[in-house]
4 protein chains.
Amino acid sequence: MAVKIHCIADVCLLPIGTQTPSVSDYVTAAEKLIRESGLKSTLHSAGTTIEGEWSEVMDLIGRMHEKVHEMGVLRIQSDIRVGTRTDKSQTAKDKVDTVERKLKGL
Amino acid sequence: MAVKIHCIADVCLLPIGTQTPSVSDYVTAAEKLIRESGLKSTLHSAGTTIEGEWSEVMDLIGRMHEKVHEMGVLRIQSDIRVGTRTDKSQTAKDKVDTVERKLKGL
Amino acid sequence: MAVKIHCIADVCLLPIGTQTPSVSDYVTAAEKLIRESGLKSTLHSAGTTIEGEWSEVMDLIGRMHEKVHEMGVLRIQSDIRVGTRTDKSQTAKDKVDTVERKLKGL
Amino acid sequence: MAVKIHCIADVCLLPIGTQTPSVSDYVTAAEKLIRESGLKSTLHSAGTTIEGEWSEVMDLIGRMHEKVHEMGVLRIQSDIRVGTRTDKSQTAKDKVDTVERKLKGL
């Protein structure tokens, strides 16, 4: 039943109703879950990119929601950009390297 | 292991590398899977909103990717906006009704 | 300097740090700006779809941020899905109608 | 009329109907426009983060669409995550540094 296709998912998690505009404690707790998951990931300023099997990645993001709710946040909204491709295997790093290399050639 | 928290997920699926800019055959096939899933959903012009348990919804979106790949598309990118809340139960329709009612009161 | 290409933009605006998880007062104020703008729009449960010239639409979304900041919100995050196409003119409603018609033919 | 509030916008641009699933030539051309703009930016595997005044950033993204259309792409879809805050000035790099520092303290 689990979906096993490989994916690259970029997630931006936003806690809603948090008294103050600073949300880094919650983002840090979610990021800690990602790093403990064993999945390859890259933190950037607009989210974190996670690579792995579809169901593994999506369950991890679900557990991030559960964790941040346990910290007392009543509402959470995430934006997920997720890509799959069947023509070749490509990592998140490959994608950046390709564009940087082409920029040098322009 | 499956994440059971209720969520409202809005998904916009984009097939990449499809020869022509018209992608409605693929969107229709994905939408058909949603309607057969038994989950509550609402189609709109920028995506489809799906309501249900986290893992059920995310596995459904994964199967939508698998289905569109089977149709010959080599690369697919989806954007998912997903919300969870623990303070109250609210449907997608409730959210629209609240804003429409408040607009009348302004 | 303004970008005049026609676009269809779907925006989901989220106020951050609002004490309570209910954000419908802010969403309603933003929605009111959209309806006063004269641009064609469709409210749904995961956002609002706005149609018009690129700079007009993006400036409107910027004014929505300004308005919600004026109401006392210190931080706002929006997710915008925006599409442009040069092969044909298509409205948001056309897109839904096409998928619904194809679903009937399946 | 232009919206001058400072924003951090993360954009993922997707050309639709491009014959092949490889879109890096188009992404590279768009990235080149960003680097020539003089705005601060950071390329990552799921998009590029751009910092500046709202209308400057959004007009730049519109010109990226125009540029990729000029290269022959008939349809383009972008996903933009954009944040504004009035309580303090914060760069994209500040956001990552805060989370990395807090992770070390956990």
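Residues numbered from 1 in each chain as written. Chains lettered and ligands numbered in written order. Predicted model: local features only at pLDDT ≥ 70, side-chain atom pairs only at ≥ 80, totals over all residues. Heavy atoms only, no water.

If you walk across this open sheet you meet the eight strands as 2(C)-3(C)-1(C)-4(C)-4(D)-1(D)-3(D)-2(D), and the pairing is antiparallel. Every interior strand has two partners, whereas the edge strands, strand 2 (40–44) of chain C together with strand 2 (40–44) of chain D, have only one. Across the sheet, the axes of successive neighbouring strands diverge by a mean angle of 20°, strand direction being ignored. (Pairing = 2+ DSSP bridges. Helix = DSSP H or I, 4+ residues; strand = E, 2+ residues; numbered from the N terminus. Axes fitted to C-alpha atoms, helices over the stretch in contact; angles between N-to-C directions.)

Quick look at the relation of the copies chain C and chain D now. The operation relating chain C to chain D is a screw motion whose rotation component is 180°, with 0.0 Å of axial translation and a residual RMSD of 0.0 Å. Accordingly, the operation relating the two chain copies is best matched by a two-fold axis. Closest approach to the rotation axis among the C-alpha atoms of chain C is made by Ile80(C), whose C-alpha sits 2.5 Å away. Looking at the interface residues of chain C, 100% of them are also at the interface in chain D, so both copies use one shared face. (Least-squares fit on C-alpha atoms with pLDDT ≥ 70 in both. Contact = heavy atoms within 4.5 Å.)

Moving on to the relation of the copies chain A and chain B. If you rotate chain A by 180° and push it 0.0 Å along the axis, it lands on chain B with an RMSD of 0.0 Å. Take the interface residues of chain A: 100% of them recur as interface residues in chain B, which is what a same-surface contact looks like.

The next thing to look at is the sheet that holds strand 2 (residues 40–44) of chain B. What links the strands of a sheet is backbone hydrogen bonding, and the strands pair in either a parallel or an antiparallel sense. In space, the eight strands of this open sheet follow the order 2(A)-3(A)-1(A)-4(A)-4(B)-1(B)-3(B)-2(B), with antiparallel pairing throughout. The open sheet is flanked by strand 2 (40–44) of chain A together with strand 2 of chain B, the only strands paired with a single partner. Taking each pair of neighbouring strands and ignoring which way they run, the sheet shows an average axis angle of 20°. Across nine bridges, strand 1 (residues 6–16) of chain B lies against strand 4 (residues 75–85) of chain B in antiparallel orientation. Looking at the pairing, Leu13(B) lines up with Ser78(B) of strand 4 of chain B.

Here we come to the pattern of salt bridges. For the structure shown, the criterion picks out 32 salt bridges over all chains. Between Asp25(B) and Lys102(C) there is a salt bridge whose closest N-O contact spans 2.7 Å. One end of the pair, Asp25(B), is in helix 1 (residues 24–36); the other, Lys102(C), is in helix 3 (residues 92–105), on a second chain. Of the charged contacts, one joins Lys93(B) and Asp97(B) as a salt bridge, the two residues approaching to 2.8 Å between their closest N and O atoms. Placement of both Lys93(B) and Asp97(B) in helix 3 (residues 92–105) is noted, with a separation of four residues, approximately one turn of the helix. Three or more residues joined by partner-sharing salt bridges are found here, namely Asp10(A), Asp79(A) and Arg81(D). (Salt bridge = Lys/Arg side-chain N within 4 Å of Asp/Glu carboxyl O.)

As a further point, take the packing of helix 1 (residues 24–36) of chain D against helix 2 (residues 54–70) of chain D. Residues and elements named next belong to chain D. At a minimum axis distance of 9 Å, the contact between helix 1 and helix 2 shows a crossing angle of 140°. By the angle between their directions, the pair helix 1 and helix 2 is classed as oblique. Regarding helix 1 and helix 2, the two cross each other, and that crossing is right-handed. On helix 2, the residues touching Tyr26, Ala29, Ala30, Leu33 and Ile34 of helix 1 are Leu60, Arg63, Met64, Lys67 and Val68. (Parallel < 35°, antiparallel > 145°, perpendicular 65-115°, else oblique. Left-handed = near helix turned anticlockwise from the far one by under 90°.)

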